[in-house]
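Now for the letters of each chain:
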Amino acid sequence: MLLAYNDNGPGPVVVLLHGFPLDRSMWSSQETTLGSVYRVITPDLRGHGQSAAPEGVYSIEAMAEDVIETLDALQVTEPVVLGGLSMGGYVALALVARYPERFRALLLIDTKAEADSPEAARGREELASTVEGSGNSGAVASAMLPKLFSETTRQRRPQLISEMRTVMEKTPARAVAGALRGMAARQDRTAELAQIAVPTLVLVGVDDAITPPDGAQKMAEAIPDALIVVVPDAGHLAPLENPQACNEAILHFLQGLG
Ligand code: MLT
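Given the structure is predicted, the values throughout are model-derived calculations rather than measurements.

S.K.: Sorry, what's going on with the packing of helix H2 (residues 60-73) against helix H3 (residues 87-98) here?
M.R.: The angle between the axes and the distance between the axes are what describe a pair of packed helices. Where H2 meets H3, the closest approach of the two axes is 9 Å, and the angle between their N-to-C directions is 70 degrees. In terms of orientation, H2 lies roughly perpendicular with respect to H3. Across the interface between the two elements, Ile60, Glu61, Met63, Ala64, Glu65, Val67 and Ile68 from H2 touch Met87, Tyr90, Val91, Ala94, Leu95 and Arg98 from H3. Here the residues of the contact of H2 with H3 are counted per class, giving 10 nonpolar, no polar and 3 charged.

Rendered as structure tokens:
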């Protein structure tokens, strides 16, 4: 499925995949900062933002295929830098496993390689049924928003939290349900981390309560050529909560690629 996307800037391509249930607008600071040097492509994953929202389960593999189809349509066939936040990171890991030749570096942001526990998968199914029953995404916004942000963001940037609620509530109920079921069924990629053969930067907010720094540290240790940066004053949405620190870390990493 072809995705909606932003595509701005000159130079080597950097593709950034947003988290659940957000959209490409979460990368606006990275588009501005990286976009003076890099061609930054930010798709809306299926069901999110302006991309179509089919019925059914949104498997991570289907979301990954959408990204490839969209890059092919843009005639981007050279190896690119691929980044993903949380659900976007699950898609990025699937892409690197399936199409290693298409990627030259990886940014894993507030994400993890493990599958859901049976309990977590059950919780997602309950939430998917609630959202389908109500016909809107309010329940997922209410479930997620309390866990997403650092205390610093809560105190200093409450408007960011209401902006994220607005984005979440725009995501159609069938897309939220489809993505929840896809994430619940995703495969564990921990054993594949040792096979990642491209330079990798792991970024994690110091107060990330969903994919915490100790898990990110283990993930980075399992990837042969990985660096980790723990982002201060940030929770699970580090690139939004502390864009300056994230952008500096990403630029430094990208410049090191040559
Ligand atoms: C996300 O931010 O994309 C979600 O927290 C991912 C998840 O629910 O596993």
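S.K.: Help me understand the packing of aromatic side chains, please; the structure alone is not making it clear to me.
M.R.: Geometry of an aromatic ring pair is reported as the spacing of the ring centres plus the angle between the planes. A full pass over the atoms with the stated rule returns 0 aromatic pairs. Over the ring of Tyr90 we find Arg186; its NZ or CZ atom is 3.9 Å from the centre of that ring.

S.K.: Before we go on, may I ask you to explain the nonpolar core in this structure?
M.R.: In summary, soluble globular proteins display a tendency toward joint burial of nonpolar side chains. Counting residues in each nonpolar core, the largest one holds 88 residues, and the members touching the most others are Phe20, Leu82, Val91, Leu95 and Met164. It is H3 that provides the largest number of residues to this core, a total of 8 residues.

S.K.: I tried to follow H2 on my own but got confused; where do I start?
M.R.: In an α-helix, one turn spans 3.6 residues, which is why side chains three or four residues apart end up on the same side. For H2, which comprises 14 residues, the first-to-last C-alpha distance of 20 Å matches the rise-based estimate of 20 Å (1.5 Å per residue) to within 8%. Considering only its buried residues, H2 is in contact with strand S1 (5-8), strand S2 (13-17), strand S3 (39-43), H3, strand S5 (103-109) and helix H8 (173-184). Looking one or two residues past H2, Gln75 carries a phi angle of roughly 60 degrees, positive in sign.

S.K.: I'm lost on the sheet that holds S1 in this one. Help?
M.R.: Strand pairing within a sheet occurs via backbone hydrogen bonds; the two strands may be parallel or antiparallel. Taken in spatial order, the 7 strands line up as S1-S3-S2-S4-S5-S6-S7 in an open sheet, and their pairing is mixed. Since the sheet does not close on itself, it has two edges, and those belong to S1 and strand S7 (226-231), each with one partner. Each neighbouring strand pair of the sheet contributes to a mean axis angle of 15 degrees, computed without reference to strand direction. The strands touched by helix H11 (residues 243-256) within the sheet are S2, strand S4 (80-85), S5, strand S6 (200-205) and S7, with S6 carrying the most contacts at an inclination of about 170 degrees.

S.K.: Is there a simple way to think about the side chain of Thr153 in this case?
M.R.: Positionally, Thr153 belongs in helix H6 (residues 151-156). Residues within four places of Thr153 in sequence aside, it is in contact with Pro158, Leu160, Asp233 and Glu241.

S.K.: What's the story with the pattern of salt bridges in this structure? I'm lost.
M.R.: Two side chains that carry opposite charge are able to pair once their charged atoms sit near each other. Summed over the entire model, instances satisfying the criterion amount to 12 salt bridges. Between Arg98 and Glu65 there is a salt bridge, with the nearest N and O atoms lying 3.4 Å from each other. On the criterion of sequence distance, the pair formed by Arg98 in helix H3 and Glu65 in helix H2 is long-range, its members being 33 residues apart. Given a relative accessible area of 27%, Glu65 falls into the partly exposed group. The partner of Glu125 in a salt bridge is Arg181, with the nearest N and O atoms 2.8 Å apart.

S.K.: I keep staring at helix H9 (residues 213-222) and nothing clicks. Help me out?
M.R.: Those residues of H9 that fall on the buried side of the exposure criterion are Ala216, Met219 and Ala220. The buried side chains of H9 occupy one side of the element, clustering within an arc of 100 degrees when seen end-on. Opposite the buried face of H9, at more than 90 degrees from it, the exposed residues are Asp214, Lys218 and Glu221. In this structure, the buried residues of H9 make contact with S5, S6 and S7.

S.K.: Which parts of the structure should I look at to understand the site of the ligand?
M.R.: Every residue lining the ligand is accounted for by Gly19, Phe20, Ser86, Met87, Tyr90, Arg124, Met144, Met183, Ile210 and His236. The separation between an oxygen atom of the ligand and a polar main-chain atom of Met87 is 2.9 Å. For the ligand, an oxygen atom lies 2.8 Å from a polar atom in the side chain of Arg124. For the ligand, whose unbound accessible area comes to 270 Å², protein coverage reaches 93%.

S.K.: What should I look at first to understand the side chain of Asp23 in this one?
M.R.: By the element assignment, Asp23 lies in the loop between S2 and helix H1 (28-34). Within the buried set, Asp23 has no salt-bridge partner at all; the shortest N-O distance to an opposite charge, 6.1 Å, is to Lys170. One polar contact links Asp23 to Ser25, side chain to side chain, over a distance of 2.5 Å. Residues in contact with Asp23, not counting those within four places in the same chain, are His18, Asp44, Gly49 and Val167.

S.K.: What is the right way to look at the pairing of S3 in this model?
M.R.: Every regular strand shows the same layout, with side chains that alternate between the two sheet faces. Among the 5 residues of S3, 4 are classified as buried, and the element is accordingly described as predominantly covered. Here S1 pairs with S3 via 4 bridges, running antiparallel. Of the residues in S3, the one forming a bridge with Asn8 is Val40. In this region the chain leaves S2, passes through H1 and returns to the parallel neighbour S3; the handedness of that crossover is right-handed.

What counts, and where the lines are drawn
- Residue positions within a chain follow its written sequence, with the count starting from 1.
- Residues qualify for local features only when their pLDDT is at least 70, as the model is predicted, and side-chain atom pairs are given and counted only at 80 or more; totals for whole chains, interfaces and linings, by contrast, use all residues.
- Note that water and hydrogens are dropped before the side-chain values are worked out from all heavy atoms of the structure.
- Lines fitted to C-alpha atoms define the axes here, with helix axes fitted over just the stretch in contact, and angles between the N-to-C directions of these axes take values from 0 to 180 degrees.
- Helix and strand labels come from DSSP, where a helix needs a run of H or I of at least four residues and a strand needs a run of E of at least two; each type is numbered from the N terminus.
- For classification, angles of less than 35 degrees are called roughly parallel, those exceeding 145 degrees roughly antiparallel, those between 65 and 115 degrees roughly perpendicular, and all remaining angles oblique.
- By the convention used here, residues are in contact when the closest approach between their heavy atoms is within 4.5 Å.
- Side-chain classes follow a simple rule in which Ala, Val, Leu, Ile, Met, Phe, Trp, Tyr, Cys and Pro form the nonpolar group, Asp, Glu, Lys and Arg form the charged group, and the remainder, Gly included, forms the polar group.
- Any two of the Phe, Tyr and Trp rings considered here, Trp counted by its six-membered ring, make a pair once their centres fall within 6.5 Å; the pair's planes then place it as stacked at under 30 degrees, edge-to-face at over 60, or tilted in between.
- Should the NZ of a Lys or the CZ of an Arg lie within 6 Å of a ring centre and within 35 degrees of the ring normal, that charge is described as sitting over the ring.
- To form a nonpolar core, buried Ala, Val, Leu, Ile, Met, Phe, Trp, Tyr and Cys residues must be joined to one another through side-chain atoms within 4.5 Å.
- For each residue, the accessible area found with a 1.4 Å probe, counting protein chains only, is set against the maximum for its type, and the residue is called buried under 20%, exposed over 50%, and partly exposed in between.
- An expected span of 1.5 Å times one less than the residue number is assigned to each helix.
- Strand pairing follows a simple DSSP-based rule, namely that at least 2 bridges must link the two strands.
- A pairing counts as a salt bridge when a side-chain nitrogen of Lys or Arg comes within 4 Å of a carboxyl oxygen of Asp or Glu.
- The arc in question is formed by the directions pointing from the helix axis toward the C-beta atoms.
- We call a residue near a molecule or strand when any one of its heavy atoms sits within 4 Å of it.
- Pairing of N or O atoms within 3.5 Å defines a polar contact, subject to two protein rules: one partner must be a possible hydrogen donor and the other a possible acceptor, and residues neighboring in sequence count only if both atoms are side-chain atoms.
- Accessible areas in this description were obtained via Shrake-Rupley with a 1.4 Å probe; residue shielding takes into account the shown protein chains only.
- His residues and chain termini do not enter the charge count, which takes Lys and Arg as positive and Asp and Glu as negative.
- Consider the strands pointing away from the viewer: the crossover is right-handed when the path from the first strand over the helix to the second runs clockwise.

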